[in-house]
Amino acid sequence: MAITVRTAGWQDLDDMLRIEKETMPTHTYLFETQEELLDPKQGWMLLALEDERPIGIGHVYVQPDGEGWFEILRVTPADQKKGAGTALWDKAIELCLENGVKGLAMYTGLTNVTSRKIAERKGLSLRLAVKEGILKREAAQSCEAGCPQIAYEKIADPEKAAALCEEYGCEEAFGGEFVYNRTFYAFSPENLAWLAEEGMLFAGDGFLLSAGARFNKDAALQIGFMGGDEDRAIACAKQLLLGGPWPQLVIDIPEGRADLREKLETAGFGFLNATIITLKREF
């Protein structure tokens, strides 16, 4: 049986949703984010076929700075170990090389040996390990009356954002990458400009905070990074949470930041046991 991979479009949506539901019934990202993932300006949706029968999907997201992010790799359980996953990886790399994408990265769980081995065979290597913390809205509300109100402003100027990032050491503090919807971004001028354009940068007395989401924007408010007075930045993020519709506030921090984890836990965050890792290949 021959495995082939092609780029997909709206005409393939039903097949792709079926594949995702069969593979990850509780993590239907494609259903929730189809407008973004099927936007050709943002990358390529891929469909793997066995003799024209759809059996797998994947997506290459091209970030604002031209780096590639490989995500939503799914192969239906009955069709795994036939080479569809490898074929999707090969197509993703081919598209990156053909279109001048600077690199390709992905994330997986530390214990997902299969996913990591495939990525490493394709030339990716370990970049970062993070822990994910979650603050539920009701936990934030419990301290609302006693929490200090933080004055802040939105930062729309990318150059000012870059200067504040450098002043507060944000890149170093977050291991060189910030996270939205489990998509990892470099602290590049283009990515900071994207944050400024999307209204996801906030500054106050002695701190800088990036908060928002890449997609599915009502599901959670995420802290991408912070710098300077982290306690004030956390308090500001709580204010944003309680001032909007979100059920929770999420943050991913480098595994070694025990100091920041302690501050977040004091603020009410609970951390998942699993460790998330990123791998990357430069072209």
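Residues numbered from 1 in each chain as written. Predicted model: local features only at pLDDT ≥ 70, side-chain atom pairs only at ≥ 80, totals over all residues. Heavy atoms only, no water.

It is worth spelling out the nonpolar core at this point. Core analysis: the largest hydrophobic core is formed by 54 residues, its most contacted members being Phe174, Leu195, Leu209, Phe225, Met226 and Phe269. Ranked by residue count, the leading element in this core is helix α9 (residues 230–242), at 7 residues. Beyond its immediate chain neighbours, meaning those up to four positions away, Leu209 contacts Met200, Leu201, Phe202, Ile223, Phe225, Met226, Ala233, Cys236, Ala237 and Leu240. Of all hydrophobic cores here, the second largest spans 24 residues; its members include Phe70, Ile93, Ile118 and Ile277. (Core = buried A, V, L, I, M, F, W, Y, C linked by side-chain atoms within 4.5 Å. Buried < 20%, exposed > 50% of the residue type's maximum accessible area, 1.4 Å probe, protein only. Helix = DSSP H or I, 4+ residues; strand = E, 2+ residues; numbered from the N terminus. Contact = heavy atoms within 4.5 Å.)

Our next topic: the environment of Gln80. Topologically, Gln80 is positioned in the loop between β4 (68–75) and α3 (84–98). By relative accessible area, Gln80 is classed as partly exposed at 42%. Separated by 16 residues in sequence, Gln80 and Cys96 place their C-alpha atoms 24 Å apart. Among the polar contacts listed, one links the side chain of Gln80 to the backbone oxygen of Val75, at a separation of 2.8 Å. (Polar contact = N/O pair within 3.5 Å; in protein donor to acceptor, adjacent residues only side chain to side chain.)

What follows covers the packing of α9 against helix α10 (residues 258–266). Two elements in contact, α9 and α10, have axes separated by 11 Å at closest approach and are oriented at 40°. For the element pair α9 / α10, the angle class is oblique. Relative to α10, the crossing made by α9 is right-handed. Residue-level contacts link Glu230, Asp231 and Ile234 of α9 to Leu260, Lys263 and Leu264 of α10. Its residues assigned to classes, the contact of α9 with α10 comprises 3 nonpolar, no polar and 3 charged. (Axes fitted to C-alpha atoms, helices over the stretch in contact; angles between N-to-C directions. Parallel < 35°, antiparallel > 145°, perpendicular 65-115°, else oblique. Left-handed = near helix turned anticlockwise from the far one by under 90°. Nonpolar A, V, L, I, M, F, W, Y, C, P; charged D, E, K, R; others polar.)

Moving on to the packing of helix α1 (residues 13–23) against helix α2 (residues 29–37). In contact at an axis separation of 9 Å, α1 and α2 are set at 145° when each is read in the N-to-C sense. Residue-level contacts link Leu13, Met16, Leu17 and Glu20 of α1 to Tyr29, Leu30, Phe31 and Gln34 of α2. Tallied by class, residues from the contact of α1 with α2 come to 6 nonpolar, 1 polar and 1 charged.

With that out of the way, let us pick up the layout of surface pockets. Its volume calculated, the largest pocket comes out at about 1600 Å³. Forming the boundary of the largest pocket are 50 residues, of which Met24, Tyr29, Ile72, Arg74 and Tyr107 lie nearest the centre. For the lining of the largest pocket, the secondary-structure elements that each account for two or more residues are α2, β4, α3, β5 (103–109), α4 (113–121), β6 (125–136) and β13 (248–254). Considering every element that reaches the lining of the largest pocket, the biggest residue donor is β4, with 7 residues. When grouped by side-chain class, the residues that make up the lining of the largest pocket number 21 nonpolar, 20 polar and 9 charged. Quantified by volume, the second largest pocket comes out at close to 210 Å³. Along its surface, the second largest pocket is lined by Glu36, Lys41, Gln42, Tyr61, Val62, Gln63, Pro64, Trp194, Glu198, Arg214, Phe215 and Lys217. In terms of residue class, the lining of the second largest pocket is made up of 5 nonpolar, 2 polar and 5 charged. (1 Å grid on protein atoms, 1.4 Å probe; cavity = no way out; pocket = protein on both sides within 12 Å on 5 of 7 lines; lining within 4 Å. Points joined across faces, edges and corners; volume = space filled by probe spheres on them.)

Turning to its location among the elements, Asp252 is positioned in strand β13. Among buried Asp, Glu, Lys and Arg side chains, Asp252 stands out as unpaired, with Arg182 the closest opposite charge at 5.2 Å. Among the polar contacts made by the side chain of Asp252, one reaches the side chain of Gln222 at a distance of 2.8 Å. (Lys, Arg positive; Asp, Glu negative; His and termini not counted. Salt bridge = Lys/Arg side-chain N within 4 Å of Asp/Glu carboxyl O.)

Evaluation of the coordinates by the stated rule reveals 20 salt bridges. When the shortest N-O distance is used, the salt bridge between Arg6 and Asp12 registers 2.9 Å. You can call Arg6 partly exposed: its relative accessible area is 32%. Residue classification places Asp12 among the buried residues on the basis of a relative accessible area of 5%. For Arg18, the salt bridge identified is with Glu22, shortest N-O distance 3.3 Å.

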